[in-house]
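Single-letter residue listing:
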Amino acid sequence: DAKTTQPPSMDCAEGRAANLPCNHSTISGNEYVYWYRQIHSQGPQYIIHGLKNNETNEMASLIITEDRKSSTLILPHATLRDTAVYYCIVRVASTDKLIFGTGTRLQVFP
Amino acid sequence: GAVVSQHPSWVICKSGTSVKIECRSLDFQATTMFWYRQFPKQSLMLMATSNEGSKATYEQGVEKDKFLINHASLTLSTLTVTSAHPEDSSFYICSATQRPETQYFGPGTRLLVL
């Protein structure tokens, strides 16, 4: 299974863009990159996923490098409610399993 | 997005008793559901994969006789913690896959074994 590496914590000012990096240098060609977040004492919330191309939805943008060895999740205008642990996960290609790493704890401050 | 519910949201039980946790996909059919466990200040740990109509597949180190999983329908999977002990106290979270690719998670069940 491809592993991911994320910084343990980040801070972001409210209203500014939050850019969360993720390294996945051993990713295989048919493995997707998924991002979830977990607000304290809740189940993880799906944010976005991608394979090769950059993706955008109402929550965030996902930028994947051309060699697919890293990606960045962008929250364009962070709010206090975006404070959470953000998980970057590479989905096992042959199954639907998601293996969670330690994630990045994002703190948005006023 | 798709909605997954869990019941109960929290439960307290005595050591030695069994506890059943339900996971339901409310607005979609899920052929595959997953069960995770999360201890305080730790990440989610995958326990097992549950497929409708077949036996669950357990991750290495997870006791299948201790954590009984039943996936009786396309919208319901249950996890039974048998003969629970204090070390089984944890946050149990299920997820369901909505095709083609995305897993949606339930709100979690907090179990406290006294």
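Please refer to the structure higher up on the page.
Quick look at the structure, then. All values reported here derive from a predicted model rather than from experimental measurement.

### Observations concerning the overall build of chain A
Phase 1: Helix and strand counts for chain A come out as zero helices and nine strands.
Phase 2: Secondary structure of chain A in N-to-C order comes out as β-β-β-β-β-β-β-β-β.
Phase 3: Relative to a compact globule of 110 residues, whose C-alpha radius of gyration would be 13 Å, chain A shows 13 Å and is just as compact.
Phase 4: With the principal axes as the frame, chain A shows a C-alpha extent of 40 × 30 × 25 Å.
Phase 5: In chain A, buried positions account for 46% of the 110 residues.

### Re the pairing of strand β3 (residues 33–38) of chain A
Residue and element names in this part refer to chain A.
Phase 1: β3 sits mainly inside the fold: six of its six residues count as buried.
Phase 2: Of the two faces of β3, the one holding V33, W35 and R37 and the one holding Y34, Y36 and Q38 are both buried throughout.
Phase 3: Sheet analysis places β3 next to strand β4 (residues 45–50), joined by five bridges and oriented antiparallel. Residue Y36 lies in a different strand from β4, and its bridge partner there is Y46.
Phase 4: The turn linking β3 back onto β4 is made up of six residues, and S41 within it adopts a positive phi angle of 65 degrees.
Phase 5: With six bridges joining them, β3 and strand β8 (residues 84–90) adopt antiparallel strand pairing. Each bridged residue has a counterpart across the sheet, and for Y34 the counterpart in β8 is I89.

### Quick look at the sheet that holds strand β7 (residues 70–75) of chain A
Phase 1: Read across the sheet, four strands follow the order β2-β7-β6-β5 (chain A) without closing on themselves; strand pairing throughout is antiparallel. Edge strands, defined here as strands with exactly one partner in the open sheet, are β2 (18–23) and β5 (55–56) of chain A.

### Examining the nonpolar core
As a rule of thumb, soluble globular proteins bury nonpolar side chains together.
Phase 1: Grouped together as the largest cluster of nonpolar side chains are 42 residues, with contacts concentrated most on A:L98, A:F100, B:Y36, B:F105 and B:L111.
Phase 2: Ranked by the residues each element gives to this core, the list is headed by strand β9 (residues 90–98) of chain B, at five residues.
Phase 3: Contacts of A:F100, omitting those with residues within four sequence positions, involve A:P44, A:Y87, A:I89, B:Y36, B:S43, B:L44 and B:F105.
Phase 4: Judged by nonpolar contacts, the second largest core, of 21 residues, contains A:A18, A:C22, A:C88 and A:V108.

### Let's talk about unusual backbone geometry
Residue and element names in this part refer to chain B.
Phase 1: Along the chain, H7 connects to P8 via a cis peptide bond; the corresponding omega equals 0 degrees.
Phase 2: Secondary-structure assignment places P8 in the loop between β1 (4–7) and β2 (10–13).
Phase 3: For K41, which is not a glycine, the phi torsion comes out positive at approximately 65 degrees.
Phase 4: As for its placement among the helices and strands, K41 is situated in the loop between β4 (32–38) and β5 (45–51).
Phase 5: Non-glycine residue S83 carries a positive phi angle of around 45 degrees.
Phase 6: With respect to the element layout, S83 can be found in the loop between β8 (76–81) and β9.

Definitions and limits used
- Residues numbered from 1 in each chain as written.
- Chains lettered and ligands numbered in written order.
- Predicted model: local features only at pLDDT ≥ 70, side-chain atom pairs only at ≥ 80, totals over all residues.
- Heavy atoms only, no water.
- Helix = DSSP H or I, 4+ residues; strand = E, 2+ residues; numbered from the N terminus.
- Rg over C-alpha atoms; globule rule 2.2 N^0.38 Å.
- Buried < 20%, exposed > 50% of the residue type's maximum accessible area, 1.4 Å probe, protein only.
- Pairing = 2+ DSSP bridges.
- Core = buried A, V, L, I, M, F, W, Y, C linked by side-chain atoms within 4.5 Å.
- Contact = heavy atoms within 4.5 Å.

As far as function goes, none of this settles anything; it's purely spatial.
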